[in-house]
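Chain by chain, the residues run as shown.
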Amino acid sequence: MEDFTVPEITGDDHVLGPADAPVTVLEYGDYQCPFCRGAARDVHRMLELYPGSIRFVFRNFPIAQLHPHAEQAAEAAEAAAAQGKFWEMYDLLLRPSSRLDLGSLLGYARDLGLDVDRFRKEVTGRAYAGKIDGDVQEGVGNGVNATPKFYVDGKRIDGKFPLEGLEDAIRASVRAAAAG
């Protein structure tokens, strides 16, 4: 049995939801992964079902061997984050119809009202490679071996899709938090 670390949320993480939410859901994801695109829909559904109860955290885990545009998409998300638009870019990148070539990413940046010249320089210059690599290394240490990989209150959720295991874990954590 391998020993893995438990993910800890830091100030560098992308967080959606209240900081004091009783349940924390963390995802390691790859923007080009079709399963991550489906999971994004399920995560939004859970956030809507339990408003104020879930803090959602997303970390990059591009798998370039399988998804040639994944690293560039992660750079785009981080470049958007630097301009205060991470979650807006996250939503665009994970739409089922999204394209992740540079031209499409620049179009998304334009649509979001970003400084496109700055965005282009940061994405093509791999300005956020260190952060992305840090997310990947942290993920490896946490036992991530595929995407999406979820943790609910620090506990790794394994299993197949659809995300019943994730949904069950969230429901159990929300019930436990409500009980006291």
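Residues numbered from 1 in each chain as written. Predicted model: local features only at pLDDT ≥ 70, side-chain atom pairs only at ≥ 80, totals over all residues. Heavy atoms only, no water.

### Quick look at the packing of helix α2 (residues 70–82) against helix α3 (residues 86–93)
Reasoning step 1: Two numbers describe how α2 lies on α3: the axes approach to 7 Å, and their chain directions differ by 155°. Considering their axes alone, α2 and α3 lie roughly antiparallel with respect to each other. The handedness of the crossing between α2 and α3 comes out as right-handed. Contacts between α2 and α3 pair A73, A76, A77, A80 and A81 from the former with F86, M89 and L93 from the latter. (Axes fitted to C-alpha atoms, helices over the stretch in contact; angles between N-to-C directions. Helix = DSSP H or I, 4+ residues; strand = E, 2+ residues; numbered from the N terminus. Parallel < 35°, antiparallel > 145°, perpendicular 65-115°, else oblique. Left-handed = near helix turned anticlockwise from the far one by under 90°. Contact = heavy atoms within 4.5 Å.)

### Thoughts on the nonpolar core
Reasoning step 1: Grouped together as the largest cluster of nonpolar side chains are 46 residues, with contacts concentrated most on V25, Y31, F56, Y90, L93, F119 and I170.
Reasoning step 2: If we skip the residues at most four places from it in the chain, I170 touches V25, M46, Y50, I54 and V152.
Reasoning step 3: Grouped together as the second largest cluster of nonpolar side chains are 8 residues, L26, Y28, F61 and V136 included. (Core = buried A, V, L, I, M, F, W, Y, C linked by side-chain atoms within 4.5 Å. Buried < 20%, exposed > 50% of the residue type's maximum accessible area, 1.4 Å probe, protein only.)

### Some points on the sheet that holds strand β4 (residues 149–152)
Reasoning step 1: One open sheet accounts for 5 strands, arranged β1-β3-β2-β4-β5; its pairing is mixed. The open sheet has two edge strands with one neighbour each: β1 (14–16) and β5 (155–157). On average, adjacent strands in this sheet sit at an angle of 25° to one another, irrespective of strand direction.
Reasoning step 2: Note that β4 and β5 share 3 bridges and pair antiparallel. Residue V152 lies in a different strand from β5, and its bridge partner there is K155.
Reasoning step 3: Across the face of the sheet, helix α1 (residues 34–49) comes into contact with β1, β2 (23–29), β3 (54–60) and β4 while running at roughly 160° to β3. (Pairing = 2+ DSSP bridges.)

### Comments concerning unusual backbone geometry
Reasoning step 1: Note the cis peptide between T147 and P148, where omega equals -10°.
Reasoning step 2: Tracing the chain through its elements places P148 in the loop between α6 (129–141) and β4.
Reasoning step 3: The residue D153 is not glycine, and still its phi comes out positive at about 50°.
Reasoning step 4: Assignment of secondary structure puts D153 in the loop between β4 and β5.
Reasoning step 5: Its relative accessible area of 41% is what places D153 among the partly exposed residues.

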